[in-house]
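Topology and contacts: notes
Next come the chains, spelled out residue by residue.
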Amino acid sequence: MKALYYENYGDFQNIKIGEFPTPEIEENEVLVRVKAFSLNHLDVWVMEGKMPFDISLPKIFASDASGVVEKVGKLVKNVKIGDEVIVYPGISCGYCEKCLSGKDNECNQFRVLGVIDNGVSAEYVKVPFTNVFKKPEGLSFEEASGIGITYTTMWHSVVSRGKIKQGDTVFIHGGGSGVGTAGIQIAKLFNAKVITTVGDDWKIEKAREIGADYVINYKKENFVERVQEITNNEMCDVVVDHIGAETFNGSLACGKKGANIITFGTTTGAEVNINLRAVFGKNQTIHGVYMGTKGEVSHYLKLFPDKLKTIVDSVFKFEDVKLAYEKLLSRQFFGKIVVKVD
Ligand SMILES: [Zn+2]
């Protein structure tokens, strides 16, 4: 099969196109013919060798894909050949206490496709049958490829851990990112007042169009001061920070007493000094979020495409994948960047 891969850690300029053997499936696995995959910052961290463990090279990368079932093992019951599916990249053992409790992202064997295992930047990928979900009707393959990591992480953040309630005030950084566009829409399902940030004025109207009530250009305004003004010093019930070092203390300040503060992703660095007195003084909870659960995926997929949408910024050809990563790193996009595979 044709695949995009790299042989050395480094930047996306190392990506090559080559031939790999088509994966052989086990009895509990599904072979999917990939139609599209979407980019995540995670791909770049893996590519740059920033994971805290070694990864075998050469590497077929990327985590989120959609496609058509090509082959099924004997034990597979949920899909058949020809079904259009989303490949969900969170893989777990399926039989430990955590998995059986529906907390599969806390399984000791939990891993994300494209990190340790080969990923989806190829004509075919194999996964356990519990990692394919039927593609919601009315979604294109490009839209479907942008759902997995972004919506699962955001559903887990805002709903399961953030414990959002009707009418809450929610602050989500990076309203133009894939996770940002997902989080804004999820918070609006709860009639929340949604405040977000962008780094370019052209993204302000786009963030409003998908439901953000207030959009702050963090390059021009101090986001903590703006949140004070917008909320009349009430601050926010749920704060989602996937930016890291540059914003985390501001995020804590944006939380009200008892707020749930969520952290995942650290695009500006992971080391932060925090004032513990400020955290316990406000009775706040900081939640670390690593993806979410398959139960959540099964639930939120029912809300596509009527109540939730993937915001696709752009679609690149397979051979133009480097341009796609260049765009991701430029931050000049709104929503998901997708690569078509056929
Ligand atoms: Zn497990």
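Below you will find a few notes about this structure. (Residues numbered from 1 in each chain as written. Predicted model: local features only at pLDDT ≥ 70, side-chain atom pairs only at ≥ 80, totals over all residues. Heavy atoms only, no water.)

1. Comments concerning the overall build of the protein
What counts here: Labels follow the DSSP assignment, with helices taken as runs of H or I lasting at least four residues and strands as runs of E lasting at least two, numbered in each case from the N terminus. Just to be clear, the radius of gyration here is over C-alpha atoms, and the globule rule we use is 2.2 Å times residues to the power 0.38. Only protein chains enter the accessibility calculation, which uses a 1.4 Å probe; a residue whose area is less than 20% of its type maximum is buried, one above 50% is exposed, and one in between is partly exposed. Using a 1.4 Å probe, accessible areas were evaluated by the Shrake-Rupley method; residue-level cover was limited to the displayed protein chains. Only four residue types enter the tally: Lys and Arg on the positive side, Asp and Glu on the negative side; His and the chain ends are excluded. For the purpose of locating charges, the reference atoms are NZ of Lys, CZ of Arg, CG of Asp and CD of Glu.
The number of helices and strands found in the protein is 11 helices and 18 strands. Relative to the globule expectation of 20 Å for 342 residues, the C-alpha radius of gyration of the protein, 20 Å, shows essentially globular dimensions. Projecting the C-alpha coordinates of the protein onto the three principal axes gives extents of approximately 60 × 40 × 40 Å. Burial statistics for the protein: of 342 residues in total, 56% are counted as buried. In the form shown here, the protein has an accessible surface area of approximately 15,100 Å², with 49% of it arising from carbon and sulfur atoms. Charged side chains in the protein number 41 positive and 43 negative. The centres of these two groups are separated by 4 Å.

2. Re the coordination of the zinc ion
Here is the rule: Water is not part of the atom set, so a site may look incomplete; the donors themselves are N, O and S atoms within 2.8 Å of the metal, or 3.2 Å for Na, K and Ca.
Protein-derived coordination of the zinc ion comes from Cys-93 (SG), Cys-96 (SG), Cys-99 (SG) and Cys-107 (SG), at a distance range of 2.3 Å. Written as a sequence motif, the donor arrangement for the zinc ion is C-x2-C-x2-C-x7-C. Here Cys-99 falls in the buried class, since its relative accessible area comes to 12%.

3. Some points on the packing of helix H4 (residues 148-161) against helix H5 (residues 178-188)
What counts, and what does not: Note on method: axes are straight lines fitted to C-alpha atoms, helices fitted across the in-contact stretch only, with angles between N-to-C directions ranging 0 to 180 degrees. Note on terminology: angles under 35 degrees are roughly parallel, angles over 145 are roughly antiparallel, angles of 65 to 115 are roughly perpendicular, and the others are oblique. Take the far helix as the reference: if the near one is turned anticlockwise from it by less than a right angle, the crossing is left-handed, and if turned clockwise, right-handed. Contacts are assigned to residue pairs with any non-hydrogen atoms lying within 4.5 Å of each other. Under the convention adopted here, Pro, Cys and the residues Ala, Val, Leu, Ile, Met, Phe, Trp and Tyr are nonpolar, Asp, Glu, Lys and Arg are charged, and Gly plus all remaining residues are polar.
Remark: H4 packs on H5, axes separated minimally by 9 Å, with the N-to-C direction vectors making an angle of 45 degrees. By the angle between their axes, H4 is oblique relative to H5. The handedness of the crossing between H4 and H5 comes out as right-handed. Residues Thr-150, Tyr-151, Met-154, Trp-155, Val-158 and Val-159 of H4 touch H5, and the partners they reach there are Gly-178, Val-179, Gly-180, Thr-181, Ala-182, Gly-183, Gln-185, Ile-186 and Ala-187. Tallied by class, residues from the contact of H4 with H5 come to nine nonpolar, six polar and no charged.

4. Topic: the sheet that holds strand S2 (residues 16-19)
As a reminder, the rule being used: Any two strands are treated as partners once DSSP identifies two or more bridges connecting them.
Taken in spatial order, the three strands line up as S2-S1-S4 in an open sheet, and their pairing is antiparallel. Only two strands of the sheet have a single neighbouring strand rather than two, namely S2 and strand S4 (59-60). Here strand S1 (residues 2-6) runs beside S2; their pairing, made up of four bridges, is antiparallel. Bridge assignment links Tyr-5 to a residue of S2, and that residue is Lys-16.

5. Brief notes about unusual backbone geometry
Backbone torsion omega between Leu-57 and Pro-58 reads 0 degrees, so that peptide bond is classified as cis. When you line up the elements, Pro-58 lands in the loop between helix H1 (41-47) and S4. That bond from Phe-304 to Pro-305 is cis: its omega, -5 degrees, falls within 30 degrees of zero. Of note in this structure, Met-235 is not a glycine but carries a positive phi near 65 degrees. Assessed through its relative accessible area of 8%, Met-235 is described here as buried.

6. Observations concerning the pattern of salt bridges
Worth spelling out the cut-off: In the sections that follow, a salt bridge refers to a side-chain nitrogen of Lys or Arg positioned within 4 Å of a carboxyl oxygen of Asp or Glu.
Evaluation of the coordinates by the stated rule reveals 20 salt bridges. Among the ionic pairs, Lys-50 bridges to Glu-48, the shortest N-O distance being 2.9 Å. For Glu-142, the salt bridge is made with Lys-340, and the minimal N-O distance between the two is 3.0 Å. Of this pair, Glu-142 sits in helix H3 (residues 141-144) while Lys-340 sits in strand S18 (residues 336-340), and the two are 198 residues apart along the sequence. On the accessibility criterion, Glu-142 (17% relative accessible area) is buried.

7. A few points about the side chain of Thr-152
Within the secondary structure, Thr-152 sits in helix H4. Judged by relative accessible area, which is 0%, Thr-152 ranks as buried. Among residues more than four places away in sequence, those in contact with Thr-152 are Tyr-88, Ile-147, Met-291, Gly-292, Thr-293, Glu-296, Val-297 and Tyr-300.

8. Quick word on the nonpolar core
Defined as follows: Each nonpolar core is a collection of buried residues, namely Ala, Val, Leu, Ile, Met, Phe, Trp, Tyr and Cys, held together in the definition by side-chain atoms within 4.5 Å.
Ranked by internal contacts, the top residues of the largest apolar core, which has 88 residues, are Phe-37, Phe-61, Met-154, Tyr-300 and Tyr-325. In terms of residue count, H4 provides more of this core than any other element does, six residues in total. Those residues in contact with Met-154, other than ones at most four positions away along the chain, are Val-159, Ile-172, Val-179, Gly-180, Ala-182, Gly-183, Ile-186, Val-240 and Phe-264. Within the second largest apolar cluster, 16 residues are counted, among which are Ile-195, Val-239, Phe-248 and Leu-252.

9. Quick word on the packing of aromatic side chains
Put simply, the rule reads: Working definition: rings of Phe, Tyr and Trp (its six-membered ring) pair if their centres are within 6.5 Å, and the pair is stacked with planes under 30 degrees apart, edge-to-face with planes over 60 apart, and tilted otherwise. In this scheme, the term charge over a ring applies when either NZ of a lysine or CZ of an arginine sits within 6 Å of the ring centre and within 35 degrees of the ring normal.
Across all of its chains, the model carries 11 aromatic pairs by this definition. For the pair Trp-155 and Tyr-300, a centre-to-centre distance of 6.3 Å together with 40 degrees between the ring planes defines the contact as tilted. Residue Trp-155 is located in helix H4, and its partner Tyr-300 is located in helix H10 (residues 294-300); the two are separated by 145 residues in the primary sequence. Looking at Trp-155, the relative accessible area reads 7%, which means it is buried. Judged by relative accessible area, which is 1%, Tyr-300 ranks as buried. A cation sits over an aromatic face here: Lys-135 above Phe-141, 4.8 Å from the ring centre.

10. So, the sheet that holds strand S15 (residues 255-263)
Read across the open sheet, the six strands follow the order S13-S12-S11-S14-S15-S16; overall the sheet is parallel. Two strands bound the open sheet, and with one partner strand each, they are strand S13 (214-217) and strand S16 (285-288). Between one strand and the next, the sheet's axes are offset by a mean angle of 15 degrees, whatever the strand orientation.

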